[in-house]
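# Coordinate inspection notes
Listed here are the chains, written in short residue letters.
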Amino acid sequence: MADKSFKLEQVLSYRGEMEKLCKQEFATAKQGLEKANDELLREEEHVNELTQEFCDRQQDLDCIDDMRMYSDFFARKREEIKNQKERVEQLDREMNERREELLEATKDKKVLESLKQKKSDEFRQEMLQKERNFLDEISIQKKV
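Residues numbered from 1 in each chain as written. Predicted model: local features only at pLDDT ≥ 70, side-chain atom pairs only at ≥ 80, totals over all residues. Heavy atoms only, no water.

Under the 1.5 Å per step criterion, the end-to-end length of helix α1 (residues 9–57) is 72 Å for 49 residues, consistent within 8% with the ideal 72 Å. Looking only at α1, the buried set comprises L12, G16, E19, C22, F26, A29, L33, A36, L40, V47, L50 and F54. Against the buried residues of α1 lie α2 (64–143). (Helix = DSSP H or I, 4+ residues; strand = E, 2+ residues; numbered from the N terminus. Expected span 1.5 Å × (residues − 1). Buried < 20%, exposed > 50% of the residue type's maximum accessible area, 1.4 Å probe, protein only. Contact = heavy atoms within 4.5 Å.)

Structure, rendered in structure tokens:
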């Protein structure tokens, strides 16, 4: 039984390619977010370690310039951490956008796949009905 070709096969393959592309973009965005989160955690841990070191050495510091250097350093680190948090938030938004695009691409592909399956089922039923009619015709001709 020859299968009737699906008229929208090219559209289905295009949507499949779009879904693959969206998956790759989503994976890239997710990796970027994870990397930025890891970097943020490292920075925060580093600052915590240095804060502890500063607290331990605070009694030993006898020069105002040393205190000012620590103060400037901590101010710079706070700014870097703030910038990194903003970057993480931006990457999170981007990843969510990519997720939405992926969901939409998957949905579009699924619609066409279900249409293809429906058309295939209809064709199969049509062929079965033709075969039944043909067999009925043969049995009628044998009886006559």
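From this point, the narrative continues.
The full count for this structure, using the stated rule, is zero disulfides. No disulfide involves C55; its nearest neighbouring cysteine sulfur is the one of C63, lying 19 Å away. (Disulfide = S-S within 2.5 Å.)

Next up on the list: the environment of L41. You can see L41 is positioned in helix α1. On the basis of relative accessible area, L41 is assigned to the partly exposed category, the value being 46%. In the structure, L41 is positioned 70 residues away from V111 in sequence and 42 Å away in space, judged by C-alpha atoms.

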